[in-house]
Amino acid sequence: PPAPLPQCSDGLNNDGDSAPDYPLDLGCSSADDNDESGPTPAPPPPSPTPSPTPSETVSAPRTLQLPPEVETLLPGTIGPLI
């Protein structure tokens, strides 16, 4: 009978880490490696902290500050922004 294939190229996930064979299995140094055990894959990075939703955002009223020449051109039409 033919010799069995090395664990890192036999198409099986021999160490149960959900990564079969070289190069996906981090425990394999090459396709000829006969031991899939070794380093486990790094955990995924943490999810970023979500930004506050508009209903959670608090803002103060703002007033538009324009130069005096604009108020002269448009008297009485500029007011506070809400």
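The structure this text deals with has already been given above.
Read on for an overview of the structure. (Residues numbered from 1 in each chain as written. Predicted model: local features only at pLDDT ≥ 70, side-chain atom pairs only at ≥ 80, totals over all residues. Heavy atoms only, no water.)

1. Focus on the overall build of the chain
Inference 1: Looking only at helices and strands, one finds one helix and zero strands in the chain.
Inference 2: Counting across all 82 residues of the chain, residues that qualify as buried make up 11%.
Inference 3: Counting only contacts in the chain whose residues sit at least 6 apart along the sequence, the fraction spanning at least 24 positions is 24%.
Inference 4: Here the chain displays about 6,800 Å² of accessible surface, and carbon together with sulfur accounts for 63% of that area. (Helix = DSSP H or I, 4+ residues; strand = E, 2+ residues; numbered from the N terminus. Buried < 20%, exposed > 50% of the residue type's maximum accessible area, 1.4 Å probe, protein only. Contact = heavy atoms within 4.5 Å. Areas by Shrake-Rupley, 256 points an atom, 1.4 Å probe, with all protein chains shown as cover.)

2. So, the environment of Asp 35
Inference 1: Position of Asp 35 among the secondary structure elements: in the segment before α1 (68-73).
Inference 2: Along the sequence, Asp 35 and Asp 21 sit 14 residues apart, while their C-alpha atoms lie 9.7 Å from each other.
Inference 3: Contacts of Asp 35, omitting those with residues within four sequence positions, involve Gln 7, Cys 8 and Gly 27.
Inference 4: In this structure the side chain of Asp 35 is engaged in a polar contact, spanning 2.6 Å, whose partner is the side chain of Ser 37. (Polar contact = N/O pair within 3.5 Å; in protein donor to acceptor, adjacent residues only side chain to side chain.)

3. Describing the side chain of Asp 33
Inference 1: You can see Asp 33 is positioned in the segment before α1.
Inference 2: Engagement of the side chain of Asp 33 in a polar contact is seen with the backbone nitrogen of Ser 29, the distance being 3.0 Å.
Inference 3: Sequence-distant contacts of Asp 33, defined by excluding residues within four places in its chain, comprise Pro 6, Gln 7, Cys 8, Gly 27 and Cys 28.

4. Focus: unusual backbone geometry
Most peptide bonds are trans, and most residues other than glycine sit at a negative phi.
Inference 1: Geometrically, the link from Tyr 22 to Pro 23 is a cis peptide bond, its omega value of 5 degrees lying close to zero.
Inference 2: Mapped onto the fold, Pro 23 is located in the segment before α1.
Inference 3: Here the phi dihedral of Asp 21 falls at roughly 65 degrees; this positive angle occurs in a residue that is not glycine.

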